[in-house]
Amino acid sequence: MIKVLEKKKLSENIYEMSFDAPMIAKNALPGQFLVIMPSEKSERVPLTIAKSDSNTGRVSVVVMAVGEATRELVNSDFFYHIAGPLGNPSELVDMSEEELKKEKIVFLAAGVGAAPVYPQAKFMKEHGVKTDTILAARNESLLLYEDELNGVSEVQIATDDGSRGFHGLITDCLEQLVKDGRKFTRIIAIGPMIMMKFASFKAKELGIPIIVSLNPIMLDGTGMCGCCRCLIDGKTKFACVDGPEFRGEEVDWDDALTRLKRW
Ligand code: FES
């Protein structure tokens, strides 16, 4: 059993949960995820690692309580089991210092996607490379990780209802930045599947390569169950072992969204 050391409410139904997991903290790289079981008979919940500190051994994940398993998770004081770090790290991790310095990245961080964007933006800052982030939500009260992201990236806020920052969709905000003359070598979009779909269309229109982090239903997280199957460039891939990051223009979004609804 792993004791939950801190549970911070970030927004309605959204919590940051922290626990000690020294081996995970030592090995975690930006983009990787964990599969957590709150109790012996519960579902396995995949969650991207939001924070990990190899000095203290502390790890944090952000959970949106929307179903039975995630509600059980946020109400837990102990986790029964944690597997990870799983999945491939962000491709930024494999770049040389020279390559990183050439990157002008804009992160699209929508809703709980702000949490997994944070370690990637932090990684870039630690390598001395400035990045931009559009932090977006439906309204002001749902904006997450603003302080964290402000510490590592140039943040622009966007809300669908205009309650804060740019009034409109995250993709409109991106388009505005480009119209204002900003040049980007890469977009990294993390958030709801539907946002990543339209971000991929917008990226194509703007001629900017885009990476998305797919978040389909997962069970084992090790490529065995087939739950997280997705079509990438016409080929079957598993988000847990082949991803979770893929090129947005190669994702079959209709298939990905249909599978999500089916579950
Ligand atoms: Fe089972 Fe990916 S979660 S194959």
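Conventions and cut-offs
- Residues numbered from 1 in each chain as written.
- Predicted model: local features only at pLDDT ≥ 70, side-chain atom pairs only at ≥ 80, totals over all residues.
- Heavy atoms only, no water.
- Salt bridge = Lys/Arg side-chain N within 4 Å of Asp/Glu carboxyl O.
- 1 Å grid on protein atoms, 1.4 Å probe; cavity = no way out; pocket = protein on both sides within 12 Å on 5 of 7 lines; lining within 4 Å.
- Points joined across faces, edges and corners; volume = space filled by probe spheres on them.
- Helix = DSSP H or I, 4+ residues; strand = E, 2+ residues; numbered from the N terminus.
- Buried < 20%, exposed > 50% of the residue type's maximum accessible area, 1.4 Å probe, protein only.
- Polar contact = N/O pair within 3.5 Å; in protein donor to acceptor, adjacent residues only side chain to side chain.
- Contact = heavy atoms within 4.5 Å.
- Pairing = 2+ DSSP bridges.
- Axes fitted to C-alpha atoms, helices over the stretch in contact; angles between N-to-C directions.

(A) Expanded view of the pattern of salt bridges. Taken as a whole and assessed by the stated rule, the structure comprises 18 salt bridges. Sharing partners across several salt bridges, the network here consists of Lys8, Glu16, Lys51 and Glu148.

(B) Molecular detail of the layout of surface pockets. By volume, the second largest pocket is sized at about 330 Å³. Around the second largest pocket, the lining is made up of 18 residues, and of these Ala28, Pro30, Ser52, Pro119 and Lys122 lie nearest the centre. Those elements that place two or more of their residues in the lining of the second largest pocket are α1 (22-27), β4 (45-53) and α4 (114-126).

(C) Spatial organisation of the side chain of Ser60. Topologically, Ser60 is positioned in strand β5 (residues 58-64). Owing to a relative accessible area of 5%, Ser60 belongs among the buried residues under this scheme. A polar atom in the side chain of Ser60 sits 2.8 Å from the side chain of Ser18. Non-local contacts of Ser60, meaning those with residues more than four positions away in its chain, are made with Glu16, Met17, Ser18, Ile49, Ala50 and Lys51.

(D) Representation of the environment of Thr222 within the structure. Within the secondary structure, Thr222 is located in the loop between β13 (210-213) and β14 (229-232). Along the sequence, Thr222 and Val117 sit 105 residues apart, while their C-alpha atoms lie 23 Å from each other. A polar contact of 2.5 Å, which involves the side chain of Thr222, links it to the side chain of Asp220.

(E) Examining the sheet that holds strand β12 (residues 186-190) more closely. An order of β11-β10-β9-β8-β12-β13-β16 is seen for the 7 strands of this open sheet, with the pairing classed as mixed. In this open sheet, the two edge strands, each paired with only one partner strand, are β11 (166-167) and β16 (245-247). Bridge count between β12 and β13: 3 bridges; the pairing is parallel. Note that in β13 the partner of Ile187 across the bridge is Ile210. α4 contacts β8 (105-110), β9 (132-137), β12 and β16 of the sheet and is inclined by roughly 160° relative to β8.

(F) How the structure looks around unusual backbone geometry. That bond from Gly84 to Pro85 is cis: its omega, 0°, falls within 30 degrees of zero. Looking at the element boundaries, Pro85 is found in strand β7 (residues 81-86). Cis geometry is adopted by the peptide bond preceding Pro244, which originates at Gly243 and carries an omega value of 10°. Among the secondary structure elements, Pro244 is positioned in the loop between α8 (239-242) and β16. With a phi close to 70°, Asn13 is a non-glycine residue in the positive phi region. By secondary structure assignment, the location of Asn13 is in the loop between β1 (2-11) and β2 (14-20).

Any link to function would need more than the numbers given here.
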